[in-house]
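Read off the chains here:
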Amino acid sequence: MPYDNPVPGFRNNVVNTLRLWSAKSPNSFSLRFFNNGDYIQAVLDRNLAENITRVLYPNDNVFEGKELRLKQEYFMVAATLQDIIRRFKTTKFGSVDPVRMSFDKFHEKVALQMNDTHPAIAIAELMRLFIDIEGISWDKAWKITTQTCAYTNHTILPEALERWPTSMFENMLPRHLEIIYEINAHHLKRVSEKYPGDVDKLRSMSIIEEGGEKCINMAHLAIVGSHAVNGVARIHSEIIKETIFKNFYELDPEKFQNKTNGITPRRWMVLCNPELADTIAEHIGDGWITDLPQLKKIASLANNPAFVQKIQQVKNENKMKLASYIEKEYGITLNIESIFDVQVKRIHEYKRQLLNLLHIVTMYNKIKENPNAPFVPRTVMIGGKAAPGYHTAKQIIKLICEVARVVNNDPIIGDKLKVVYLENYRVTLAEKVIPASDLSEQISLAGTEASGTGNMKFMLNGALTIGTLDGANVEMREEMGPENIFIFGMNVDDVKELQKKGYNAMDYYNRIPELKKVIDQIKCGYFNPHNSDQFNDLVDIILKYDRFYVLADYEAYIKCQEKVNQVYQNGNEWTVMAIKNIASSGFFSSDRTIEEYARDIWGVKPTREKLPDPHDPQDLQDQKDVTKNSK
């Protein structure tokens, strides 16, 4: 059952359609069952069919090879592809007449961008439709399929890459398994021709993995079946070429591209931060709303005291609005003069909310040890959701909440430090939080974050970034200059060196007294005396099993946070940096990203022309005149 959602363009009289799918049983119940008195069975069968889209699997930290998930993936792909082919046949490029039907121009009119491997079964399904239903030869069907499909990779974490057991395909999608075997045979023949006698190459590049349980590597299928493969930030695109897809890059280097992510300025400033948008528009007009690089014009205004003061005023008003919301929702009174230090994103070990937490407890201990010492006030907000089956992420949330309870109720701490866990983090809450933020935390281990887009949203709204050289942070630093961002810790090469040498968290634990104290407090139950051993598993992860090297970056992180404090104390210097962040955010527009996909992958020439206003007769007539003259 299709559900069409209108997506209006911005001031261009265009409305696109987003088509979504829901699984519906063709009959409410079986009359035969009903007549036999087995009404319950009839309803159960209907529910079984409709379960396919009742809830989608939210886990993305570890791939779960569950049967329902494969059904969901195939359902979405099959419905979409059959709809696409149906529509193609009704155009002048195809034909409803099967005798004259031609798919020669299919790839010129259809682009399938596979967003990660979840829709990678589209390659096998498209081949099935072309060969079994449309009667096209294998070679021609394969050529059309590869010209039509492209693959965007979103993660290098090996446990998140999809690998489906062939036994599951055999039971559920036997024809697709046959097609995948055939695709793999053609692919391996090509590999063996390029690397004769290299058995290791054949094994590592096969779509079918033989070690242990026989599996289909969906990333390999996506690469083999696509004409373009891209990462979502420059560093990420380089990493996939050098690591997980190195052999495929060497086989087909021309396939690999980069498409750095972007965000839409319409939502992430005009809608959520109208005061800032109006302030900018008053000085440089509103052309930047559809041409974000125009924001660079405000860089010169960083020397204008009146403009600097206005930007400060807008930020303070946004902070007051957020503080009012938090007091109402959480009963926590915030200090507006404090640094609003924010980390909002999925809760995941690689994003290192634990590093942020170690800094919070370090600040808490400093205040407790010397309550009268000068301290730059902070409000640390952390928000995000844990995948339902991700126990460690849920433990991290629990620990943040326990630390917040202790910190926020300690009279010695007062309003110098507050900690808020933002519940049910979502777009509507982000629209309140991001415009009010002073500091954006982008602290993943270098080489693990594909891109990030939250980092861009904060930048556009005048928050400064503290982060590692990971994902899009690298390109952000290039755009704004290293003096306008707080970078700390290991880079990708440093991480590789540490991996070679061997990471031992106990070295840092034993060497850094303030760090040892924080971890001991967590372990001994200081923050949850009612259940003192609750976080033993988390401490074990930090000290024994941490793949994301939290402690290795601790000292650099603490030192960088001290620099943040120094700059924040000079309000004008901070705001000038914020203005330079906003002025440098033009590259990170989704308009630029999509234009690159259109030009480099889909072969589509974008147009910036506005369609005629359907309610303006003169506009329509002008458009007719232009068309007539052009002919």
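The protein is annotated in an unreviewed UniProt entry as Alpha-1,4 glucan phosphorylase from Caerostris extrusa. Check the Sequence similarities (unreviewed entry) section of the UniProt entry for the protein; it says "Belongs to the glycogen phosphorylase family." The record in UniProt for the protein states the following under Function (unreviewed entry): "Allosteric enzyme that catalyzes the rate-limiting step in glycogen catabolism, the phosphorolytic cleavage of glycogen to produce glucose-1-phosphate, and plays a central role in maintaining cellular and organismal glucose homeostasis."

A. Summary view of the overall build of the protein. Counting secondary structure elements, the protein contains 28 helices and 15 strands. On C-alpha atoms alone, the protein measures out to a radius of gyration of 28 Å, which is about the 25 Å that the 2.2 N^0.38 rule sets for 631 residues. In terms of overall dimensions, the protein has a C-alpha envelope of 85 × 70 × 65 Å along the principal axes. Taking all 631 residues of the protein together, 51% fall into the buried category. Look at the contacts in the protein between residues 6 or more apart in sequence, and 73% of them connect residues 24 or more apart. Surface summary for the protein: the accessible area is close to 29,600 Å², and the carbon and sulfur share equals 52%. Taking the average place of the 78 positive charges on the side chains of the protein and the average place of its 82 negative ones, the gap between the two points comes to 2 Å.

B. Broad picture of the sheet that holds strand β12 (residues 417–422). Strand order in the open sheet formed by 6 strands is β12-β11-β10-β13-β14-β15, and the pairing between neighbours is parallel. Lying at the two open borders of the sheet, with one neighbouring strand each, are β12 and β15 (486–487).

C. Up close: the nonpolar core. Ranked by size, the top nonpolar core spans 135 residues in total, and within it F106, F486 and L551 carry the most contacts. Excluding its chain neighbours within four sequence positions, the residues that come into contact with F106 are I84, I85, F88, L126, F130, I144 and T148. In terms of nonpolar packing, the next biggest core, distinct from the first, is built from 50 residues, Y325, L429, V433 and A436 among them.

D. Summary view of the pattern of salt bridges. Counting across every chain of the model gives 42 salt bridges. Between E108 and K105 there is a salt bridge; the shortest N-O distance is 3.8 Å. The partly exposed category is assigned to K105, whose relative accessible area is 38%. Ionic contacts of the salt-bridge type, sharing partners, join the residues D4, R19, D83, R86 and R87 into one network.

E. Summary view of the side chain of N356. Counting through the fold element by element, N356 comes out in helix α16 (residues 353–369). Sequence-distant contacts of N356, that is, excluding residues within four places in its chain, are made with Q343, V380, I382, E441, I443 and Y557.

F. Highlighting the pairing of strand β13 (residues 439–442). Neither face of β13 is left uncovered, since the one carrying L439 and E441 and the one carrying S440 and Q442 both have all their residues buried. Bridge count between strand β10 (residues 339–344) and β13: 2 bridges; the pairing is parallel. Looking at the pairing, V342 lines up with S440 of β13. Once you follow β13 into helix α19 (residues 454–460) and on to strand β14 (residues 464–467), the crossover reads as right-handed.

G. Seen up close, the sheet that holds strand β8 (residues 229–231). Strand order in the open sheet formed by 4 strands is β3-β4-β8-β9, and the pairing between neighbours is parallel. Two strands lie at the open edges of the sheet, namely β3 (112–115) and β9 (256–258), each paired on one side alone. If you compare each strand with its neighbour and ignore which way they point, the axes differ by 25 degrees on average. In the sheet, β3 pairs with strand β4 (residues 149–152) via 4 bridges, with the strands oriented parallel. Directly across from L112, in β4, lies its bridge partner C149. Across the face of the sheet, helix α6 (residues 138–148) comes into contact with β3 and β4 while running at roughly 40 degrees to β4.

H. Highlighting the packing of helix α17 (residues 391–408) against helix α24 (residues 536–545). Where α17 contacts α24, the axes come no closer than 10 Å and their chain directions differ by 110 degrees. On the basis of the axis angle, α17 is roughly perpendicular to α24. On α24, the residues that touch H391, T392, Q395, I396 and L399 of α17 are D537, L538 and I541. A per-class count over the contact of α17 with α24 returns 4 nonpolar, 3 polar and 1 charged.

I. Main features of the UniProt feature "modified residue: N6-(pyridoxal phosphate)lysine" (unreviewed entry) in the protein. According to UniProt, the "modified residue: N6-(pyridoxal phosphate)lysine" (unreviewed entry) feature falls on K457. Of note, K457 is situated in helix α19. Excluding residues that lie within four positions of it along the chain, K457 makes contacts with I263, W268 and I434.

J. Fine view of the environment of S25. Position of S25 among the secondary structure elements: in the loop between β2 (15–21) and α1 (31–35). A sequence separation of 402 residues divides S25 from V427, and the C-alpha atoms of the two residues are 32 Å apart. Leave out the neighbours within four places in its chain, and S25 touches R46, A49 and E50.

K. Expanded view of the pairing of β4. Along β4, one buried face is formed by C149 and Y151 and the opposite face, lined by A150 and T152, is buried too. Pairing of β4 with β8 involves 2 bridges; the strand directions are parallel. For T152, the partnering residue across the bridge sits in β8 and is N230.

L. Geometry of the state of the cysteines. A complete count under the given rule lists 0 disulfides for this structure. Not engaged in a disulfide, the cysteine C401 finds its nearest cysteine sulfur in C524; these two sulfurs lie 19 Å apart.

M. Structural view of the packing of aromatic side chains. Overall, the coordinates contain 19 aromatic pairs when judged by the stated rule. On the basis of an interplanar angle of 85 degrees and a centroid distance of 4.9 Å, the ring pair of F63 and W164 is categorised as edge-to-face. With a gap of 101 residues between them, F63 in the loop between α2 (39–50) and α3 (67–89) and W164 in strand β5 (residues 163–165) connect regions that are remote in the sequence. Across this residue pair, the class does not change: F63 and W164 are buried. Relative to F256, the ring of Y249 has its centre 5.6 Å away and its plane inclined at 90 degrees; by these criteria the two rings are edge-to-face. Put simply, the rings of F88, F103, F106 and F130 touch in pairs and so form one group of aromatic residues. Residue placement shows K319 over the ring face of F340; its charged tip is 4.6 Å from the ring centre. For the cation-ring pair, R592 lies above F587, with the distance from its terminal atom to the ring centre recorded as 3.9 Å.

Rules used in this analysis
- Residues numbered from 1 in each chain as written.
- Predicted model: local features only at pLDDT ≥ 70, side-chain atom pairs only at ≥ 80, totals over all residues.
- Heavy atoms only, no water.
- UniProt positions renumbered as here; feature names shortened; annotations may be inferred.
- Helix = DSSP H or I, 4+ residues; strand = E, 2+ residues; numbered from the N terminus.
- Rg over C-alpha atoms; globule rule 2.2 N^0.38 Å.
- Buried < 20%, exposed > 50% of the residue type's maximum accessible area, 1.4 Å probe, protein only.
- Contact = heavy atoms within 4.5 Å.
- Areas by Shrake-Rupley, 256 points an atom, 1.4 Å probe, with all protein chains shown as cover.
- Lys, Arg positive; Asp, Glu negative; His and termini not counted.
- Charge placed at Lys NZ, Arg CZ, Asp CG, Glu CD.
- Pairing = 2+ DSSP bridges.
- Core = buried A, V, L, I, M, F, W, Y, C linked by side-chain atoms within 4.5 Å.
- Salt bridge = Lys/Arg side-chain N within 4 Å of Asp/Glu carboxyl O.
- Right-handed = clockwise from strand over helix to strand, strands pointing away.
- Axes fitted to C-alpha atoms, helices over the stretch in contact; angles between N-to-C directions.
- Parallel < 35°, antiparallel > 145°, perpendicular 65-115°, else oblique.
- Nonpolar A, V, L, I, M, F, W, Y, C, P; charged D, E, K, R; others polar.
- Disulfide = S-S within 2.5 Å.
- Phe/Tyr/Trp six-rings, centres within 6.5 Å; stacked < 30°, edge-to-face > 60°.
- Lys NZ or Arg CZ within 6 Å of the ring centre and 35° of its normal.

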